[in-house]
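Observations on chain architecture
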Amino acid sequence: MTTRTNASAIWPAAFAAALALGACAQGPTPQQNAMMNVFTNYKAAWNGHDAKAIGAAFQADGTYTSPAAGGTIPAAGVAGFTQGLFAAMPDFHVNVVSVDPTDDNHVAEQWVVTGTWTQPFPAGPLAGATPTKKAIHLPGSSFIEFKDGKIVSDTLYFDQMAFLTQLGVINPNKK
């Protein structure tokens, strides 16, 4: 059974933990609170499969970087990428495990993505490949930079071999 946690529930717990450790004795700054609100809405858009809202969360010159995207996508292409991802994996979901502001403009996040590849990817490294109908359960992390209430960059890190193996694209045991 997968436990789904929403980011707004994690932020108060993460802050409480930081206080308990003495890391942030004065509490979050107004900028961090505003940044966490943008983050919460951004993750809600991902889980709501709202590609337009995801794209709108970025600065005009912002970037999204992910191995699943084949590298870096400019802000203008983020909505198209996510729309294709949601079409290929209609049950796509991101579960935020933890999120912590590192300063007034950056957050570090751990997540687990789940979904089943049931339709062709319209673009990216797997475009043209036949869907395998296999599910993924993929942990990873992101580092997100914010400026003026928008995302400047969202950079994802995850085990690409695990991703491709779980999708059934590669067999690491094949000799």
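Note that residues are indexed from 1 along each chain, following the sequence as it is written. Totals for whole chains, interfaces and linings use all residues, but because this is a predicted model, local features are given only for residues with pLDDT of at least 70 and pairs of side-chain atoms are given and counted only at 80 or more. Based on all heavy atoms of the structure, the side-chain values leave hydrogens and waters out of the count.

1. Describing the confidence of the model for the protein
The pLDDT score gives, residue by residue, the confidence of the prediction method on a 0 to 100 scale. Here the protein averages 88 in pLDDT, and 86% of its residues register 70 or above. Segment residues 1–5: pLDDT under 50, and seven contacts once partners within four positions in sequence are set aside and those in other chains are kept. Per-residue pLDDT stays below 50 along residues 19–23; that stretch engages in three contacts with residues further than four places along the chain or on separate chains. Residue contacts follow a heavy-atom distance rule, with two residues in contact if any of their heavy atoms lie within 4.5 Å.

2. What about the layout of surface pockets?
In this structure, the largest pocket encloses a volume near 460 Å³. A 1.4 Å probe that fits into a set of points on a 1 Å grid over the protein atoms alone but cannot get out defines a cavity; an open set with protein on both sides within 12 Å along at least five of seven lines defines a pocket, and lining residues are those with an atom within 4 Å of a point. Lining the largest pocket we find 32 residues, and of these Y64, S66, A68, F81 and L85 sit closest to its centre. Secondary-structure elements contributing two or more residues to the lining of the largest pocket are helix 2 (30–47), strand 1 (58–66), helix 4 (75–88), strand 4 (106–116), strand 5 (135–147), strand 6 (150–158) and helix 5 (160–167). Per-element tally for the lining of the largest pocket: the top contributor is helix 4, with four residues. Looking at the lining of the largest pocket residue by residue, the classes come out as 24 nonpolar, six polar and two charged. Grid points are joined across faces, edges and corners, and a volume is the space filled by probe spheres set on the points. Strands here mean DSSP runs of E at least two residues long; helices mean DSSP runs of H or I at least four residues long; both are numbered from the N terminus. Charged residues are taken to be Asp, Glu, Lys and Arg, nonpolar residues to be Ala, Val, Leu, Ile, Met, Phe, Trp, Tyr, Cys and Pro, and polar residues to be all remaining types, Gly included.

3. Description of the environment of D61
Along the chain, D61 falls in strand 1. Residue class for D61 comes out exposed when judged on its relative accessible area of 64%. Between the C-alpha atoms of D61 and P74, which are 13 residues apart in sequence, the distance is 6.9 Å. Burial classification: accessible surface area is computed with a 1.4 Å probe over protein chains only, and a residue below 20% of its type maximum counts as buried, one above 50% as exposed, and the rest as partly exposed.

4. A word on the environment of L156
As for its position among the elements, L156 is in strand 6. Residues L156 and Q110, 46 residues apart in the sequence, show an inter-C-alpha distance of 9.7 Å. L156 has contacts with Y64, T65, S66, P67, W111, S141 and S142, leaving out every residue within four places of it along the chain.

5. Quick notes on the pattern of salt bridges
Salt bridges are defined by distance alone: a side-chain nitrogen of Lys or Arg within 4 Å of a carboxyl oxygen of Asp or Glu. Scanning the model with the defined rule gives one salt bridge in all. For the salt bridge of E109 with K43, the shortest nitrogen-to-oxygen distance reads 3.1 Å. Of this pair, E109 sits in strand 4 while K43 sits in helix 2, and the two are 66 residues apart along the sequence.

6. A word on the pairing of strand 6
Strands are labelled as partners when DSSP assigns at least two bridges between them. Bridge count between strand 1 and strand 6: four bridges; the pairing is parallel. Within strand 6, the position partnered with T65 by the bridge is T155. Counted along the chain from strand 5 to the antiparallel partner strand 6, the turn is two residues long, and its residue D148 has a positive phi close to 55°.

7. Considerations on the nonpolar core
We call a set of buried Ala, Val, Leu, Ile, Met, Phe, Trp, Tyr and Cys residues a nonpolar core when their side-chain atoms join them within 4.5 Å. Within the largest apolar cluster, 40 residues are counted, with the highest numbers of intra-cluster contacts made by Y42, W46 and Y64. Residue assignment for this core shows that the elements contributing at least two residues are helix 2, strand 1, helix 4, strand 3 (93–101), strand 4, strand 5, strand 6 and helix 5. Excluding residues that lie within four positions of it along the chain, Y64 makes contacts with Y42, W46, F58, G71, T72, I73, V78, F81, D154 and L156.

8. Side note on the side chain of T82
By the secondary structure assignment, T82 is in helix 4. T82 gets classed as buried once you look at its relative accessible area, which sits at 0%. Polar contacts, as counted here, are pairs of nitrogen or oxygen atoms within 3.5 Å of one another; within protein the pair requires one atom able to donate a hydrogen and one able to accept it, and residues that are adjacent in sequence qualify only if both atoms are side-chain atoms. Within polar-contact distance, the side chain of T82 engages the backbone oxygen of A79 at 3.1 Å. Apart from the residues within four sequence positions on either side, T82 is in contact with W46, A51 and I54.

9. Here's the deal with the sheet that holds strand 2 (residues 71–74)
The strands making up a sheet are joined through hydrogen bonds of the backbone, oriented either antiparallel or parallel. The mixed open sheet is built from six strands, whose spatial order is 2-1-6-5-4-3. In this open sheet, the two edge strands, each paired with only one partner strand, are strand 2 and strand 3. Across the sheet, the mean angle from the axis of one strand to that of its neighbour is 20°, orientation sign disregarded. Relative to strand 5, strand 4 is paired through eleven bridges, and the arrangement is antiparallel. Its bridge partner being in strand 5, V112 is matched across the sheet by P139. Those strands touched by helix 2 are strand 1, strand 3, strand 4, strand 5 and strand 6, and its axis lies near 170° from that of strand 3. Axis definition: a line fit to C-alpha positions, over the contact stretch in the case of helices; interaxial angles, taken between N-to-C directions, run 0 to 180 degrees. In the packing of helix 4 onto the sheet, contacts are made with strand 1, strand 2 and strand 4, and the angle to strand 2 comes to roughly 115°.

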